[in-house]
Amino acid sequence: MSFVLGRGDDLESGPVGRLGAYRARDGSEGAPLHIDFDGPHAMLIVGKRGYGKSYTMGVLAEGLARATGVAPVIIDPMGVFDTLATSTPGEGVPATIVDNPAVAPTSLDPRSWCALLGLSPESGAGGLLWQAAQEESTLEGMAAHVESADAPTADRRAAVNHLRLADAWAVFDADGIDAAGLGGSEATVIDVSGLEPAPMNAVCRGVGEVLYRARVIEAIDRLPWLLIDEAHTFFEGVAEPALRTIVTRGRAPGVSLVSATQRPSAVPDVGISQSDILLSHRLTSRADLDALRAAQPTYMNASLTDSDRLPESPGEVVIVDDATETVHSAQIRTRDTPHGGDSPRASDVVEDD
């Protein structure tokens, strides 16, 4: 009998995606295991490098791109999800790759602008930047606002120089990514792999804000799913407020968040405790194991981090489904599209004679 994570064993009440199959103690595969795409969820995928986090996220992305009523968006900091658009035998995956993403400057509030550019709001330059972000919607307008301010020359120069740095990142545009462009049925891959952490965070913040606001005002009909690889990078940056909003308040407007990380200890407590579906690949770091142990639900009759419960091989996963208060051992299915996350090997290099 099939089970649907997030709602139980009802396969008929809305869209689902095939995640894999139950894993018996002897390693054999059991009954199919699906995941609910009908309602909003907060999911966390954890595991050390090389054990399948990104692969599992790719499986989810494939399912979401084929599901009805959802709009999957992937923040790709490693450049590994463009393979979703690769032609494959059989049923393909509709996907669009955004190689040079840009978001509106207004997607960041004044405090976030100061944090992004490393200026204290209490400093002269930081105060000018704060005021400019409050009043203007473009980088050009912000710079002009600063230059015309009645303030010391040094402060104005510092603020303008920081705004020029932000402009050089080429990730801000008043006509950047909007809800209409993200609200389609295909998977939208936002490739931020060529960016430094600060502009990468700015793009993630903008995308999160756009999706959440669009559903609050019902500007898009489909329910957005925001999938973020290497999520610790964004929970530690200016993207964090947008992610926290989706995790804590996304259910009402119907916005889901899927976060994948090798460092659950770097994810804020709310990012773990508010996740209703946790998928754990192998972990060995004490800090990361402690983070999972602290968030373990009371209905588990054994520790999630017990050695006989933790997965040992790539593709194996332990799943805590808080919606149904159940725990599952599973094997993730094989992807239909190529996996772009494998590491290169020196032995694969063909040397010239």
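Our subject is the structure listed above.
All values derive from a computational prediction rather than experimental measurement.

Draft legend 1. Highlighting the packing of aromatic side chains. By the definition in use, this model includes two aromatic pairs. Centroid distance Phe 37 to Trp 225: 5.4 Å. Interplanar angle 80°. Geometry classified as edge-to-face. Taken together, the residues Phe 37 in the loop between β3 (29-36) and β4 (42-46) and Trp 225 in strand β8 (residues 223-228) connect sequence positions 188 residues apart. Summarising the burial analysis for this pair, Phe 37 and Trp 225 share the class buried. Seen from their ring centres, Trp 113 and Phe 172 are 4.7 Å apart, and the 35° between their planes marks the pair as tilted. Residue Trp 113 is located in helix α2 (residues 110-117), and its partner Phe 172 is located in the loop between α5 (153-168) and α6 (179-182); the two are separated by 59 residues in the primary sequence. Residue placement shows Arg 335 over the ring face of Tyr 55; its charged tip is 6.0 Å from the ring centre.

Draft legend 2. Up close: the pattern of salt bridges. Applying the stated rule across the entire model yields twelve salt bridges. Across the salt bridge formed by Arg 335 and Glu 62, the nearest N and O atoms sit 3.5 Å from each other. Of this pair, Arg 335 sits in the segment after β12 (326-332) while Glu 62 sits in helix α1 (residues 53-66); the two residues are 273 residues apart in sequence, bridging distant segments of the chain. Side by side, Arg 335 and Glu 62 carry an identical accessibility label, which is buried.

Draft legend 3. The arrangement of the nonpolar core in detail. Within the largest apolar cluster, 61 residues are counted, with the highest numbers of intra-cluster contacts made by Ile 75, Trp 113, Leu 116, Phe 172, Val 207, Leu 226 and Ile 228. If one sorts the elements of this core by residue count, helix α7 (residues 197-216) sits on top with seven residues. Residues Ile 45, Leu 60, Ala 187 and Val 189 belong to the second largest nonpolar core, which totals 33 residues.

Definitions and limits used
- Residues numbered from 1 in each chain as written.
- Predicted model: local features only at pLDDT ≥ 70, side-chain atom pairs only at ≥ 80, totals over all residues.
- Heavy atoms only, no water.
- Phe/Tyr/Trp six-rings, centres within 6.5 Å; stacked < 30°, edge-to-face > 60°.
- Helix = DSSP H or I, 4+ residues; strand = E, 2+ residues; numbered from the N terminus.
- Buried < 20%, exposed > 50% of the residue type's maximum accessible area, 1.4 Å probe, protein only.
- Lys NZ or Arg CZ within 6 Å of the ring centre and 35° of its normal.
- Salt bridge = Lys/Arg side-chain N within 4 Å of Asp/Glu carboxyl O.
- Core = buried A, V, L, I, M, F, W, Y, C linked by side-chain atoms within 4.5 Å.

Remember that the coordinates give geometry; whether it matters functionally is a separate question.
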